Amino acid sequence: MPTSRQGAARSIRHGAARLAAVMPLALLTGCGSGISFLDPHGPVAAAQRDLFFEVIGWMMIVVVPAITLVPFIAWRFRRTARNSAYRPTWQFSWPLEILVWGVPIVLVCILATLIAGKARSLDPYAAIPSDKPPLEVEVIGLDYKWLFVYPEQNVASVGVLALPVDRPVRFRLTSDTVMQSFMIPALGSQIYAMAGMVTELNLLADRPGVLLGQNTQFNGFGFQNQKFDALAMPEADFDRWIASAKGVGRPLDEGAYAIVSQKGKLADLRSRFDFDPAKGLIFSSVDPNLFTAVVARYRPDAAHRHERDEAENHPSGGHVHADH
């Protein structure tokens, strides 16, 4: 009969085997539910997912032979093998050289062409084709929060980002602190937000969901808390969300922004504002020049130059902060 120690060891081995078998499935499952491009909620993330699997598929040409042949060679020519042929007199072989060098070179060329082509189509500044006008959202990175301003609707939010489904969203981003990285994985793409500069990102949600948004740039001990919920909702629900925000009766004036921009988590603002952190901090109105003022605080010339570019690129459809 096996001893208790042997039984315990066998149980551990069986448990490890089961864990190894389900680990890949667990990882893929964890990448769903609006937290990864592997469960895309928009065309940009879907294109990135397709590219991801295409690259993996091409890489298998090299990976699979390496994974299978290395253990086979180690076993075939093991020290105790008696029937293994050993020929120490090596000779030059063109077929072998072509196989060893030619396949990787061809593979690199294929991957370079594939990735370069998709990179051009995934330009974050490129507008997403649609029969609907894009929703303008101004994003200001803070320590450790994201402030979202809806200039056309004249509302703002911290901790939540409401997005209408099947309508493009044009983000304009800057930072009122150090460099940050804005990313909604389920919608795709990532772009930096930097003080004194304005970057742009175009996304679209094609189905409802609560999506993870985050700062992926390590810029301090609180960066891991700089997350938000991107609420992709039908157009009618988005309109109701805007109407509800307008009824909050809390303006984002200079004093309120001074409080919001202080270093700390969203939950830390509960001592200054009455709100539910799960629903975000909502402001019913906002200074229309807030985004431009934040940019100008670090580079006044860059702010005005950006406004001129906005007027040239969006003469009628875009929301422009102009100094009159």
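Residues numbered from 1 in each chain as written. Predicted model: local features only at pLDDT ≥ 70, side-chain atom pairs only at ≥ 80, totals over all residues. Heavy atoms only, no water.

## Side note on the sheet that holds strand β1 (residues 135–141)
Then comes step 1: Pairing within the open sheet is mixed, and its six strands lie in the order β8-β5-β1-β2-β3-β12. Across the chains shown, the open sheet's two edge strands, defined by having one partner strand only, are β8 (199–203) and β12 (281–283). For this sheet, the mean angle separating the axes of adjacent strands, direction not counted, is 20 degrees.
Then comes step 2: In terms of strand pairing, β1 meets strand β5 (residues 169–175) through seven bridges, oriented parallel. Of the residues in β5, the one forming a bridge with Val137 is Phe171.
Then comes step 3: Against the sheet, helix α6 (residues 290–298) touches β1, β2 (146–150) and β5, its axis set at about 35 degrees to β5. (Pairing = 2+ DSSP bridges. Helix = DSSP H or I, 4+ residues; strand = E, 2+ residues; numbered from the N terminus. Axes fitted to C-alpha atoms, helices over the stretch in contact; angles between N-to-C directions. Contact = heavy atoms within 4.5 Å.)

## Some words on the pattern of salt bridges
Then comes step 1: Applying the stated criterion to the full structure yields nine salt bridges.
Then comes step 2: For Glu54, the salt bridge identified is with Lys118, shortest N-O distance 3.3 Å. Of the two residues, Glu54 sits in helix α2 (residues 43–76) while Lys118 sits in helix α3 (residues 94–121), which places them 64 residues apart along the sequence.
Then comes step 3: For Glu54, a relative accessible area of 31% puts it in the partly exposed group.
Then comes step 4: According to the relative accessible area criterion, Lys118 is partly exposed, its value standing at 22%.
Then comes step 5: Between Glu136 and Arg170 there is a salt bridge, with its nearest N and O atoms 2.7 Å apart. (Salt bridge = Lys/Arg side-chain N within 4 Å of Asp/Glu carboxyl O. Buried < 20%, exposed > 50% of the residue type's maximum accessible area, 1.4 Å probe, protein only.)

## Observations concerning the packing of aromatic side chains
Then comes step 1: Throughout the structure, instances matching the rule amount to 13 aromatic pairs.
Then comes step 2: Here Tyr150 and Phe238 contribute two aromatic rings whose centre-to-centre distance is 6.3 Å and whose plane-to-plane angle is 50 degrees, an arrangement assigned as tilted. Of this pair, Tyr150 sits in strand β2 while Phe238 is found in helix α4 (residues 235–246), placing the two residues 88 residues apart along the sequence.
Then comes step 3: Classification of Phe238 by relative accessible area gives buried; the value is 1%.
Then comes step 4: Members of the aromatic cluster, each reached through a chain of ring pairs, are Trp146, Phe148, Phe171, Phe182 and Phe228.
Then comes step 5: Directly above the ring of Phe77 sits Arg76, whose terminal nitrogen or CZ lies 5.6 Å from the centroid. (Phe/Tyr/Trp six-rings, centres within 6.5 Å; stacked < 30°, edge-to-face > 60°. Lys NZ or Arg CZ within 6 Å of the ring centre and 35° of its normal.)

## Things to note about the pairing of β1
Then comes step 1: Of all seven residues in β1, seven are buried; the element is thus mostly enclosed.
Then comes step 2: A two-sided burial pattern is seen for β1, the buried positions comprising Leu135, Val137, Val139 and Gly141 on one face and Glu136, Glu138 and Ile140 on the other.
Then comes step 3: Where β1 and β2 come together, four bridges link them in antiparallel fashion. Bridging from a neighbouring strand, Glu138 pairs with Val149 of β2.

## So, the packing of α2 against α3
How two helices pack is summed up by the angle between their axes together with the distance between the axes.
Then comes step 1: Relative to each other, α2 and α3 sit at 175 degrees, their axes nearing to 10 Å. The orientation of α2 with respect to α3, classified from their angle, is roughly antiparallel. Mapping the contact onto sequence places Ala47, Leu51, Glu54, Val55, Trp58, Met59, Ile61 and Val62 in α2 and Val103, Leu107, Ile110, Leu111, Leu114, Ile115 and Lys118 in α3.
Then comes step 2: Classifying every residue of the contact of α2 with α3 by side-chain character gives 13 nonpolar, no polar and two charged. (Parallel < 35°, antiparallel > 145°, perpendicular 65-115°, else oblique. Nonpolar A, V, L, I, M, F, W, Y, C, P; charged D, E, K, R; others polar.)

## Quick notes on the confidence of the model for the protein
Then comes step 1: Here the protein averages 84 in pLDDT, while 82% of its residues score no lower than 70.
Then comes step 2: With pLDDT under 50 throughout, residues 316–324 is counted as low confidence; its partners more than four residues away or in other chains account for 18 contacts. (pLDDT = per-residue confidence, 0-100.)

## Re the nonpolar core
Then comes step 1: Membership of the largest hydrophobic core comes to 38 residues, with the highest contact counts inside it found for Val137, Phe148, Tyr150, Leu161, Phe171 and Phe182.
Then comes step 2: Broken down by secondary-structure element, the contributors of at least two residues to this core are β1, β2, β4 (160–164), β5, β7 (190–193), β8, β10 (227–233) and α4.
Then comes step 3: In this structure, Ile140, Val198, Val260 and Leu266 belong to the second largest nonpolar core, which totals 23 residues. (Core = buried A, V, L, I, M, F, W, Y, C linked by side-chain atoms within 4.5 Å.)

## What to know about a nonpolar patch on the surface
Then comes step 1: Nonpolar side chains collect at one region of the surface, where Trp58, Ile61, Val62, Leu96, Leu99, Val100, Trp101, Val103 and Ile105 lie side by side and expose about 830 Å² of accessible area between them.
Then comes step 2: Looking at the nonpolar patch, the elements with two or more residues in it are α2 and α3.
Then comes step 3: The greatest single-element share of the nonpolar patch, amounting to six residues, is contributed by α3.
Then comes step 4: Its place among the elements puts Val103 in helix α3.
Then comes step 5: Exposure remark for Val103: the relative accessible area of 31% places this residue in the partly exposed category. (Patch = residues over 30% accessible without salt bridge, like charges linked within 9 Å, V, L, I, M, F, W, Y side chains within 5 Å. Areas by Shrake-Rupley, 256 points an atom, 1.4 Å probe, with all protein chains shown as cover.)

## Quick word on the side chain of Ser157
Then comes step 1: Among the structural elements, Ser157 can be located in strand β3 (residues 155–158).
Then comes step 2: Not counting residues up to four positions away in its chain, the partners in contact with Ser157 are Trp146, Leu147, Phe148, Tyr150, Trp241, Leu281 and Ile282.

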